[in-house]
Amino acid sequence: MSFIKINRQREFMERSNSPRLVLRKEKRRNGIVNCYLSKTVRGDDTFITIELNPEHNKIRLKTTNSPEGHKMSRGCFFLTKVFEYIFHENLHEDRIIIELEKKENGWWYGNY
């Protein structure tokens, strides 16, 4: 068994807090997509609004504390079959990682 140096693990943890959205297929429930939003993006907010532009393969999202979207629990939330269908070409992988960038209008944008 090999050991991971602590400083190497620290570098990994710093990268994991980069602004991103991670999507995974739910293996036990058909049509559900598990999502994780990094702490950098979600801050202390508990709800998220997501919008897709399938023509240009873009996604945008905004977090809030008002109940006007999906409820997050520590950055985790679920999406329905519509999202699985849209991401179908990429969801044959174990996961999709979408790097996000914040714009002046307060929304986070990414490409998939």
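Think of each chain on its own: its residues are numbered from 1, step by step along the sequence as written. Given that the model is predicted, a residue must reach a pLDDT of at least 70 before its local features are reported, and side-chain atom pairs must reach 80 or more before they are shown or counted; all residues, however, enter totals for whole chains, interfaces and linings. As a rule here, side-chain values come from all non-hydrogen atoms in the structure, and water together with hydrogens is ignored.

1. Some points on the overall build of the protein chain
The condition is simple: Starting at the N terminus, helices and strands are each numbered in turn, a helix being any DSSP run of H or I of at least four residues and a strand any DSSP run of E of at least two. Burial classes follow relative accessibility: with a 1.4 Å probe on protein chains only, a residue under 20% of its type's maximum area counts as buried, one over 50% as exposed, and anything between as partly exposed. Contacts are assigned to residue pairs with any non-hydrogen atoms lying within 4.5 Å of each other.
In terms of regular secondary structure, the protein chain is built from 3 helices and 9 strands. Counted from the first residue to the last, the protein chain has its helices and strands arranged as α-β-β-α-β-β-β-β-α-β-β-β. Taking all 112 residues of the protein chain together, the buried fraction comes to 32%. For the protein chain, the proportion of contacts with a sequence separation of at least 24, taken over those separated by at least 6, is 55%.

2. Structural notes on the sheet that holds strand E1 (residues 20-25)
For clarity, the threshold we go by: Pairing between two strands is assigned when DSSP locates at least 2 bridges connecting them. Note on definitions: angles span 0 to 180 degrees between N-to-C directions of axes, and those axes are lines fitted to C-alpha atoms, for helices only across the stretch in contact.
Judged by pairing direction, the sheet is antiparallel, and its 4 strands sit side by side in the order E6-E2-E1-E7 without closing on themselves. Two strands bound the open sheet, and with one partner strand each, they are strand E6 (76-79) and strand E7 (96-99). Between one strand and the next, the sheet's axes are offset by a mean angle of 25°, whatever the strand orientation. With 4 bridges connecting them, strand E2 (residues 33-37) and E6 associate as antiparallel partners. Residue pairing across strands places Cys 35 opposite Phe 77, the latter belonging to E6.

3. Here we look at the sheet that holds strand E9 (residues 108-111)
Strand pairing in a sheet takes place through backbone hydrogen bonds and is either antiparallel or parallel in direction. The strand order across the open sheet formed by 5 strands is E5-E3-E4-E9-E8, and the pairing between neighbours is antiparallel. Looking at which strands have only one partner, the edges of the open sheet turn out to be strand E5 (70-71) and strand E8 (101-102). The pairing of strand E3 (residues 47-53) with E5 spans 2 bridges and is classified as antiparallel. Considered in E5, the bridge of Ile 48 is made with His 70.

4. What to know about the environment of Met 72
Tracing the chain through its elements places Met 72 in the loop between E5 and E6. Spatially, the C-alpha atoms of Met 72 and Tyr 36 are 8.8 Å apart, while their sequence positions differ by 36 residues. In contact with Met 72, other than residues within four places in its own chain, are Leu 37, Arg 42, Asp 45, Thr 46, Phe 47, Ile 48, Thr 63 and Phe 77.

5. What about the pattern of salt bridges?
Pairing of side chains with opposite charge becomes possible as their charged atoms draw close. Put simply, the rule reads: A pairing counts as a salt bridge when a side-chain nitrogen of Lys or Arg comes within 4 Å of a carboxyl oxygen of Asp or Glu.
The tally for this structure, following the rule as stated, stands at 2 salt bridges. Between Lys 39 and Asp 44 there is a salt bridge, with its nearest N and O atoms 3.0 Å apart. A salt bridge links Glu 51 to Arg 60, with the nearest nitrogen and oxygen atoms 2.7 Å apart.

6. With respect to the environment of Glu 101
Mapped onto the fold, Glu 101 is located in strand E8. In this structure the C-alpha to C-alpha distance between Glu 101 and Arg 60, which are 41 residues apart in sequence, comes to 9.3 Å. Residues in contact with Glu 101, not counting those within four places in the same chain, are Trp 107, Trp 108 and Tyr 109.

7. As for the nonpolar core
Threshold: Here, nonpolar core refers to any group of buried Ala, Val, Leu, Ile, Met, Phe, Trp, Tyr and Cys residues whose side-chain atoms link them within 4.5 Å.
One finds Leu 21, Leu 37, Ile 50, Leu 61, Phe 77, Ile 98 and Leu 100 to be the most contacted residues of the largest nonpolar core, which totals 19 residues. If you list the elements that add at least two residues to this core, you get E1, E2, E3, strand E4 (58-64), E6 and E7. Sequence-distant contacts of Phe 77, defined by excluding residues within four places in its chain, comprise Leu 21, Val 33, Asn 34, Cys 35, Leu 37, Ile 48, Ile 50, His 70, Lys 71 and Met 72.

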